[in-house]
Amino acid sequence: MEYMALYLFLAVCLVLLLGFPVAFSLAGTALIFAGIGSFFDVFDGAFLHALPNRLFGIVSNTTLIAVPLFVFMGVMLEKSKVAENLLDAMAVVMGKQKAGMGIAVTLVGMLLAASTGIVGATVVTMGLLALPTMMKRGYSAQYSSGIIAATGTLGQIIPPSIALVLLGDVLSSSYQQAQLNMGIFSPENVSVGDLFAGAVIPGLILVVLYIVYSLGVAWLKPEQVPALLDEDIEHIKQRKKVSLFVALVPPLMLIVVVLGSILFGLATPTEAAGVGAFGAIILAIWQKQFTLHNLRAVMQSTLKVTSMVFMILIGASLFSLVFRGFGGEELIASVFESLPGGAFTAMLLVMLVMFLLGFILDFIEITFVVVPIVAPILLMMGIDPIWLGIMIAVNLQTSFLTPPFGFALFYLRGVADKSILTSDIYKGVIPFIIIQLILLILMSLFPELVTWLPTQLYG
């Protein structure tokens, strides 16, 4: 019975693999195990008395209000055709170079990530706009699908990222819990803004690595990434008379207002998200895309995503209570303490487990289920909370690309032409998974890549 916590975790993974909804899988499995534990007198039902307070804490959490606002901003920008104008302008500038379309996709994806923070919207938009052109002009299916899927995941790490908002809220609670466990009764705090600042340099490094890979393909296998023909570029110019300057200014202004206000302490993430949502409406009006139909679609998408996130968070709260009631935290702590190498080995094990879980679980499940279990223990071992958060974020970014359940792969498969095989998509993302693992290694060797900017901004 001392391993009931482990059996609970394995049962949840099995239920999720069977395709049941995440929120109800977490809550339902936890209640079943709580009932079994109470029957055999190995679970104290008093743990469930804390659930109402936890639910009230979720619905009254001002940080989480940023989630629907950022979702609204991202979906509204998708409807306002900012991405289409950016991609056309970048294609005109970069298209004459080998792998130029791939580099253009990467740069546009970076700008979209910094202004929307939504992975699915970026992958679908790029898949619809760039993939047909790339395939028509002789780009290989593997490279084209790989660069689009990988670039779409930049919204996971480049702020303002919804993933960082959720992770920041979980880490904040874990950091305070760790300090209280160590007898520190005036605990320090780690905020979403700290994670945003810590993610800026790793996010830019990832963009550079993607571009370097594209240049490498152009050098080693130029036939896979040919330059666009002059008539293609002229066609784009005639179809969309948008200069690079005009296409860049709106999203850059939004990035400066939203991200700049957070990084320099002028606004909280929730306040900045509200300003960003309003700014997205202004851009949609300016692009003449603000219609009642689009507004209804944006509101429906925002409602669906927000409801999903909060339902998973509620289910994860119940799961964590039952897991704790079975002594799961003590079990994990004892395993970590028995490992040779201390914090380094524990961190390596957690990163490996999260990477493997990314093959079957989404980043939201891992954030709400796994992070609250392991983060307090790792933080008590002296690991920097901002560095830990960004390491987890980059690791979870791979969950969007890892077959068979990578969400970016599903998004791309849904909009890609039938001539592109699913195996092409899977093979195409492998180099980018390796690139993300390289970034993890770099951050492990040089933690200053994460901690330097927050230190400079916040002291």
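Use the structure listed above.
Anyway, here's the lowdown on the structure attached to this text.

### Notes on helix H21 (residues 422–445)
Taking 1.5 Å per residue as the helical rise, H21 with its 24 residues ought to reach 34 Å, and the 35 Å between its terminal C-alpha atoms agrees with that figure. Bending of H21 peaks at approximately 30° at the position of Ile430, with proline Pro431 no more than four residues after it. If you check which residues of H21 are buried, you get Asp424, Ile425, Gly428, Val429, Phe432, Ile433, Ile435, Gln436, Leu439, Leu440 and Met443. At its buried positions, H21 is contacted by helix H9 (141–152), helix H11 (192–220), helix H17 (343–357), helix H19 (385–397), helix H20 (407–415) and helix H22 (448–458).

### Concerning the pattern of salt bridges
For the coordinates displayed, the defined rule picks out one salt bridge. Linking Glu329 and Arg324 is a salt bridge whose minimum nitrogen-to-oxygen distance equals 3.1 Å. The class of Arg324 is partly exposed, set by a relative accessible area of 27%.

### Concerning the packing of aromatic side chains
By the definition in use, this model includes nine aromatic pairs. Both rings, one in Phe319 and one in Phe323, keep their centres 6.0 Å apart while their planes meet at 25°; by these two values the pair is stacked. A residue pair is termed a helical-turn pair when its members lie 3 or 4 positions apart in one helix, as Phe319 and Phe323 do in helix H15 (residues 292–325) at four residues. A relative accessible area of 0% places Phe319 in the buried class. Linked through ring pairs, Tyr139, Tyr143, Tyr210, Tyr213 and Phe432 together constitute an aromatic cluster.

### What about helix H4 (residues 66–79)?
With 14 residues, H4 should cover 20 Å at 1.5 Å per step; its first-to-last C-alpha distance of 20 Å lies within 8% of that length. Taking burial as the measure, the 14 residues of H4 include ten buried ones, the bulk of the element. All buried positions along H4 are accounted for by Ala66, Val67, Phe70, Val71, Phe72, Met73, Gly74, Val75, Met76 and Leu77. For H4, the secondary structure elements touched by its buried residues are helix H5 (82–94), helix H6 (100–115), helix H10 (162–181), helix H13 (244–263), helix H14 (269–286) and H15. Positive backbone phi, at 65°, marks Lys81, one or two positions downstream of H4.

### Overview of the packing of H15 against helix H18 (residues 363–380)
Contact geometry of H15 with H18 gives a least axis separation of 9 Å together with a crossing angle of 25°. By the angle class used here, H15 and H18 are roughly parallel. When you trace H15 past H18, the crossing you get is right-handed. On H18, the residues that touch Met308, Val309, Ile312, Leu313, Ala316, Phe319 and Phe323 of H15 are Ile364, Glu365, Phe368, Val369 and Ile373. Within the contact of H15 with H18, the residues separate by chemical class into eleven nonpolar, no polar and one charged.

Definitions and cut-offs
Residues numbered from 1 in each chain as written. Predicted model: local features only at pLDDT ≥ 70, side-chain atom pairs only at ≥ 80, totals over all residues. Heavy atoms only, no water. Helix = DSSP H or I, 4+ residues; strand = E, 2+ residues; numbered from the N terminus. Expected span 1.5 Å × (residues − 1). Bend = angle between axes of the 7 residues up to and from the residue. Buried < 20%, exposed > 50% of the residue type's maximum accessible area, 1.4 Å probe, protein only. Contact = heavy atoms within 4.5 Å. Salt bridge = Lys/Arg side-chain N within 4 Å of Asp/Glu carboxyl O. Phe/Tyr/Trp six-rings, centres within 6.5 Å; stacked < 30°, edge-to-face > 60°. Axes fitted to C-alpha atoms, helices over the stretch in contact; angles between N-to-C directions. Parallel < 35°, antiparallel > 145°, perpendicular 65-115°, else oblique. Left-handed = near helix turned anticlockwise from the far one by under 90°. Nonpolar A, V, L, I, M, F, W, Y, C, P; charged D, E, K, R; others polar.

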